[in-house]
Amino acid sequence: MQVSPQIEESWKEVLSKEFQKPYFSELKQFLLKEKQKYTIYPPGPRIFSAFNHTPFHNVKAVILGQDPYHGPGQAHGLCFSVPEGIAPPPSLVNIFKEIRADLNIPVPPHGNLENWARQGVLLMNATLTVRARQAGSHQKKGWEIFTDKVIETVSSQKSGVVFILWGNYAQQKTSLIDASRHLILKAVHPSPLSASRGFFGCRHFSKTNNYLQENNKQPIDWSLNHTSNP
């Protein structure tokens, strides 16, 4: 087995020490055993899609999710995102509603967020895999150690990044981020259970773009008008 996974070169460079650590070897062994017994999402080549679509040097914003979707065909390695042809889940529908209210951008016909990722939005789940139809089944197996290191690395080696933290789980990562170097935006989760308690009206999308422009960076086009590659 490879010492490091199939991950974009700039990430491989900044995270190289993580791939050598015992927890990562144990995580790989766990995944090999899981794949022998269960269906695992997302498919193997898509596990590191967030990194492969958004190289380290391109990162301008980070949106943190918790778990991949665990239904058939939904997870493709970007948090909150689904491939074209798959109905957007309720949280993503609410994200689109907030974008429409914030920026007057029409709700798109699909839920594939690859276009955001290509512009520098790292769409990372804290846990990068899940057992089919079993939410949370791959938590506390090592992924969180890895993704916490990703957050710390972006925080320490870059400046002027927007960290978008929705819900209590994501906000627990605040301590990993240097608030003097970056913008941290917090709101309740966009889930229908909580969105009306502060997600709607948070205006995180315009706030992100305003901050990026203040730091001489290209703002994000939050529309999904450009058809993504399959």
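See above for the structure.
First, a word on what this report is: a plain description of the structure on this page. On a predicted model such as this, the values are computed, not experimentally measured, just so you know.

A cis geometry characterises the amide bond from Tyr-41 onward to Pro-42, with omega recorded as -10 degrees. Turning to its location among the elements, Pro-42 is positioned in the loop between strand S1 (40–41) and helix H4 (49–53). You will see that Arg-133, though not glycine, has its phi angle at about 65 degrees, which is positive. Overall, the relative accessible area of 62% leaves Arg-133 in the exposed class. A positive phi angle, near 60 degrees, is found at Asn-216, a position not held by glycine.

Okay, the nonpolar core next. One finds Trp-11, Phe-51, Trp-116 and Phe-146 to be the most contacted residues of the largest nonpolar core, which totals 66 residues. Among all residues touching Phe-146, those that are not within four sequence positions of it are Ile-7, Leu-15, Glu-18, Phe-19, Tyr-23, Phe-24, Phe-48, Phe-51 and Leu-128.

Turning next to the sheet that holds strand S5 (residues 162–166). For sheets, the rule is that strands pair by backbone hydrogen bonds, running either parallel or antiparallel. Spatially, the four strands line up as an open sheet ordered S3-S2-S5-S6, and their pairing is parallel. Strand pairing shows two members of the sheet lacking a second neighbour, strand S3 (121–125) and strand S6 (183–187), which therefore form its edges. Mean inter-strand twist for the sheet, computed between neighbouring axes without regard to direction, equals 20 degrees. Direction of pairing for strand S2 (residues 61–65) relative to S5: parallel, over a ladder of three bridges. Residue Val-62 lies in a different strand from S5, and its bridge partner there is Phe-163. Against the sheet, helix H7 (residues 143–157) contacts S2, S3 and S5, and its axis sits at roughly 155 degrees relative to S3.

This part covers the packing of aromatic side chains. Counted under the stated rule, the structure contains 19 aromatic pairs. Among the aromatic residues, those joined into a ring-pair cluster are Trp-11, Phe-19, Tyr-23, Phe-24, Phe-48, Phe-51, Phe-56, Trp-143 and Phe-146. Here the guanidinium or amino end of Arg-131 rests over the ring plane of Tyr-38, the centre of that ring lying 3.8 Å away. One residue, Lys-158, lies across the ring of Phe-56, its end atom 5.2 Å from the ring centre.

Moving on to the pattern of salt bridges. Across all of its chains, the model carries six salt bridges by this definition. We note a salt bridge from Lys-12 to Glu-9, for which the minimum N-O separation is 3.7 Å. A residue pair is termed a helical-turn pair when its members lie 3 or 4 positions apart in one helix, as Lys-12 and Glu-9 do in helix H1 (residues 9–14) at three residues. The salt bridge involving Arg-131 is made with Glu-34; its shortest N-O contact spans 2.9 Å. Of this pair, Arg-131 sits in strand S4 (residues 130–131) while Glu-34 sits in helix H3 (residues 22–37), and the two are 97 residues apart along the sequence.

Its place among the elements puts Lys-60 in the loop between H4 and S2. The exposure class assigned to Lys-60 is buried, which follows from its relative accessible area of 13%. Along the chain, Lys-60 and Gln-119 lie 59 residues apart, while their C-alpha atoms are 8.1 Å from each other. Excluding anything up to four places from it in sequence, Lys-60 contacts Gln-119, Gly-120, Gly-160, Val-161, Val-162, Leu-212, Lys-217, Gln-218, Pro-219 and Ile-220.

A word on the pairing of S3. Along a regular strand, successive side chains alternate from one face of the sheet to the other. The buried fraction of S3 amounts to five of the five residues, a majority that puts the element mostly inside the structure. Neither face of S3 is open: one carries Val-121, Leu-123 and Asn-125, the other Leu-122 and Met-124, and all of them are buried. By the bridge criterion, five bridges tie S2 to S3 in an arrangement that is parallel. Paired with Ala-61 across the strands is Val-121, a residue of S3.

This part is about helix H9 (residues 204–214). One full turn of an α-helix is made of 3.6 residues, so residues set three or four places apart face in the same direction. Restricting attention to buried positions, one finds in H9 the residues His-204, Phe-205, Ser-206, Thr-208, Asn-209, Tyr-211 and Leu-212. Against S2, helix H5 (90–103), helix H6 (114–118), S5 and S6 lie the buried residues of H9. At the exit of H9 stands Asn-216, carrying a positive phi of roughly 60 degrees.

Rules and cut-offs
Residues numbered from 1 in each chain as written. Predicted model: local features only at pLDDT ≥ 70, side-chain atom pairs only at ≥ 80, totals over all residues. Heavy atoms only, no water. Helix = DSSP H or I, 4+ residues; strand = E, 2+ residues; numbered from the N terminus. Buried < 20%, exposed > 50% of the residue type's maximum accessible area, 1.4 Å probe, protein only. Core = buried A, V, L, I, M, F, W, Y, C linked by side-chain atoms within 4.5 Å. Contact = heavy atoms within 4.5 Å. Pairing = 2+ DSSP bridges. Axes fitted to C-alpha atoms, helices over the stretch in contact; angles between N-to-C directions. Phe/Tyr/Trp six-rings, centres within 6.5 Å; stacked < 30°, edge-to-face > 60°. Lys NZ or Arg CZ within 6 Å of the ring centre and 35° of its normal. Salt bridge = Lys/Arg side-chain N within 4 Å of Asp/Glu carboxyl O.

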